[in-house]
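Take a look at the letters that make up each chain.
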Amino acid sequence: MMFSVAGAVFAMGLNVEGGSPLLQIVPFILILAIFYFIILLPSKRKQQQVQEFLENLKENDRVITTSGIYGQIARINGDKVQLQVADKVRIDVSKAAIGGYQGQPPVVENANP
């Protein structure tokens with residue numbers, strides 16, 4: 001019985017959904033716009049801020065790594081940074097592992113929850 005009624009409605013050419021196809025796309029466009037402005041745009045800005053911070057590192061900056069090691073930059077060699085963590089103790093870390101300057105809020109969020 002149900003199929004015969006539905007078949008009759010479609011056979012008559014009635015538009016059951018109603019509204020134009022363009023109006024049906026509008027909610028999806030709004031969802032994409034909200035997603036972009038709430039999630040993607042702030043994420044992109046944060047990534048640019050981190051990249052700028054890492055590019056501006058220089059020798060003798062006092063920094064903290066994302067794993068919590070405090071040190072002073074002794075040498076920068078490409079993507080590798082040599083930190084002096086104590087007298088005559090230097091370690092090599094990735095430049096991406098530098099989380100921020102000592103005594104300031106971190107620029108890079110910790111990878112560990």
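All values reported here derive from a predicted model rather than from experimental measurement.

Visitor: Honestly, a nonpolar patch on the surface in this entry has me stumped. Any pointers?
Guide: Residues Ile34, Phe35, Tyr36, Phe37, Ile38, Ile39 and Leu40 make up a contiguous nonpolar surface patch of roughly 710 Å² in combined accessible area. Inspection of the secondary structure puts Phe35 in helix α2 (residues 21–55). Residue classification places Phe35 among the partly exposed residues on the basis of a relative accessible area of 41%.

Visitor: What's the story with the side chain of Gln82 in this structure? I'm lost.
Guide: Mapped onto the elements, Gln82 comes out in strand β3 (residues 80–86). Judged by its relative accessible area of 16%, Gln82 is buried. Among the polar contacts made by the side chain of Gln82, one reaches the side chain of Arg90 at a distance of 3.4 Å. Once you skip the residues sitting within four places of it in the chain, Gln82 turns out to touch Gln72, Ile73, Ala74, Arg75, Arg90, Ile91 and Asp92.

Visitor: What is the right way to read the packing of aromatic side chains from this model?
Guide: The description of an aromatic ring pair uses the distance of the two centres, along with the angle that the planes make with each other. In the structure shown here, the tally under the stated rule is two aromatic pairs. Plain terms: the ring middles of Tyr36 and Phe37 are 5.2 Å apart, the flat faces sit at 80 degrees to each other, and that makes the pair edge-to-face. Aromatic side chains Phe53 and Tyr101 sit 5.0 Å apart centroid to centroid with 85 degrees between the ring planes, which places their arrangement in the edge-to-face category. With a gap of 48 residues between them, Phe53 in helix α2 and Tyr101 in strand β5 (residues 98–101) connect regions that are remote in the sequence.

Visitor: When you look at the sheet that holds strand β4 (residues 89–94) in this model, what are you seeing that I'm missing?
Guide: If you trace the five strands from one edge of the open sheet to the other, you get β4-β3-β2-β1-β5, paired in antiparallel fashion. Each edge of the open sheet carries a strand with a single partner, namely β4 and β5. The average angle at which neighbouring strand axes cross in this sheet is 45 degrees, direction not considered. As judged from the three bridges shared by strand β1 (residues 62–65) and strand β2 (residues 70–77), these two strands associate in the antiparallel manner.

Visitor: Is there a simple way to think about the pattern of salt bridges in this case?
Guide: Should the charged atoms of two oppositely charged side chains come close, the side chains can pair. This model, assessed by the stated rule, comprises two salt bridges. When the shortest N-O distance is used, the salt bridge between Lys58 and Asp61 registers 3.4 Å. Note that Asp92 is salt-bridged to Lys80, the shortest N-O span being 4.0 Å. Of the two residues, Asp92 sits in strand β4 while Lys80 sits in strand β3, which places them 12 residues apart along the sequence.

What counts as what
- Residues numbered from 1 in each chain as written.
- Predicted model: local features only at pLDDT ≥ 70, side-chain atom pairs only at ≥ 80, totals over all residues.
- Heavy atoms only, no water.
- Patch = residues over 30% accessible without salt bridge, like charges linked within 9 Å, V, L, I, M, F, W, Y side chains within 5 Å.
- Areas by Shrake-Rupley, 256 points an atom, 1.4 Å probe, with all protein chains shown as cover.
- Salt bridge = Lys/Arg side-chain N within 4 Å of Asp/Glu carboxyl O.
- Helix = DSSP H or I, 4+ residues; strand = E, 2+ residues; numbered from the N terminus.
- Buried < 20%, exposed > 50% of the residue type's maximum accessible area, 1.4 Å probe, protein only.
- Polar contact = N/O pair within 3.5 Å; in protein donor to acceptor, adjacent residues only side chain to side chain.
- Contact = heavy atoms within 4.5 Å.
- Phe/Tyr/Trp six-rings, centres within 6.5 Å; stacked < 30°, edge-to-face > 60°.
- Pairing = 2+ DSSP bridges.
- Axes fitted to C-alpha atoms, helices over the stretch in contact; angles between N-to-C directions.

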